[in-house]
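Remarks on the overall topology
Okay, here's what each chain looks like letter by letter:
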Amino acid sequence: MRILIAEDDSLSRTLLERTLQRAGYDVVATADGSEALQELMRQDSPRLALLDWVMPEKDGMWVCQEVRQRKDQAYTYLILLSSRESKQDIVFGLEADADVYLTKPFDVDELKGETAHR
Amino acid sequence: MDGHKNQSQGASLLPGCGVIVAEGHETRTYMEENSPRGSLQPSQWDLQEILERFDGDEEFLRELLLIFQQDAKKSLENAREALAEHNYPALTRAAYTLKGTLKNLAMKAAAQAAANLEDAARKESATELENDLRVLDKEMNELLPHVEARLGEVK
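Calculation notes
Residues numbered from 1 in each chain as written. Chains lettered and ligands numbered in written order. Predicted model: local features only at pLDDT ≥ 70, side-chain atom pairs only at ≥ 80, totals over all residues. Heavy atoms only, no water. Buried < 20%, exposed > 50% of the residue type's maximum accessible area, 1.4 Å probe, protein only. Helix = DSSP H or I, 4+ residues; strand = E, 2+ residues; numbered from the N terminus. Pairing = 2+ DSSP bridges. Core = buried A, V, L, I, M, F, W, Y, C linked by side-chain atoms within 4.5 Å. Axes fitted to C-alpha atoms, helices over the stretch in contact; angles between N-to-C directions. Contact = heavy atoms within 4.5 Å.

1. Concerning the pairing of strand 3 (residues 48-52) of chain A
Residues and elements named next belong to chain A. Burial within strand 3 is extensive, with 5 of its 5 residues counted as buried. Where burial is concerned, the two faces of strand 3 agree: the one with Leu48, Leu50 and Asp52 and the one with Ala49 and Leu51 are both buried. Alignment of strand 1 (residues 2-6) against strand 3, held across 3 bridges, turns out to be parallel. When the bridges of strand 3 are listed, leucine 4 appears paired with alanine 49. Relative to strand 4 (residues 77-82), strand 3 runs parallel, the two sharing 5 bridges. Bridge assignment links leucine 50 to a residue of strand 4, and that residue is isoleucine 79.

2. Here we look at the nonpolar core
With 44 residues, the main nonpolar core has Phe68, Leu102, Met107, Leu136 and Met140 of chain B as its most contacted residues. Contributing elements (two or more residues each) for this core: helix 1 (10-22) of chain A together with helix 1 (47-53), helix 2 (58-84), helix 3 (88-104), helix 4 (108-123) and helix 5 (126-153) of chain B. Examining the composition of this core, we find that 11 residues originate from one element, helix 2 of chain B, more than from any other. Core analysis: the second largest hydrophobic core is formed by 21 residues, Val28, Val63, Cys64 and Val67 of chain A among them.

3. As for the sheet that holds strand 3 of chain A
Residue and element names in this part refer to chain A. Pairing within the open sheet is parallel, and its 5 strands lie in the order 2-1-3-4-5. Of all strands in the sheet, those bounded by a partner on one side alone are strand 2 (26-30) and strand 5 (100-103). Taking the axes of each pair of neighbouring strands and ignoring which way they run, one obtains an average angle of 20° across the sheet. The strands touched by helix 1 are strand 1, strand 2, strand 3 and strand 4; relative to strand 2, the strand with the most contacts, the crossing angle is about 170°.

Below, the structure is given as structure tokens:
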């Protein structure tokens, strides 16, 4: 399965990329929201995206909102990843039209569980 | 405690508190006297947790620690600059980034210190910020020699 990741922090991005590759995903890695959206707008883009909430300039929430406004493409399953853990943050994240909200540290089994039937 | 069952080689478990440290390194436990908030536990780096998460891949851990060595200092510097300029959004972002990095590496006490700093920056609480940054600084200064030593062990 192909998956796009958007993470500005190089350590977290390396960790995500390698962990997902090891779990059998084909990873497209991006370092900010604008780059992520650009990738997601391609015809052959991954239909699964793991987005860090907080990134400089365009963040994960912005990407969620932009993707949901595009009705002309197949549905993209959006996962917001953040180290913000309060209930308020989770609700806020899901209100941005993410399908799932995961907290750091990232757990690949949790992701597999969330995406098993996609 | 689960940690007793699967203890990895080269690491040891401190009795009663689940703290894993690299074997042969000096360990100290202390309660953070300068921080009245949060739930700071004794300084800790849970190497067992992280190695389990990476399926014992020491080479990958080394790669991440090298990135950490470079980036953590820069993030801390960004936080200091943002505080000096009273730039609270930048300080919140720097603390958030550090928190995520530290959580990913199971550096729990430092991650809690970064979380406290992020929280204070978001609230623009000037009284807490100075102390929170000092605590984070202290935690990082505790961690970095351990990281260096670990990098020396795993070639």
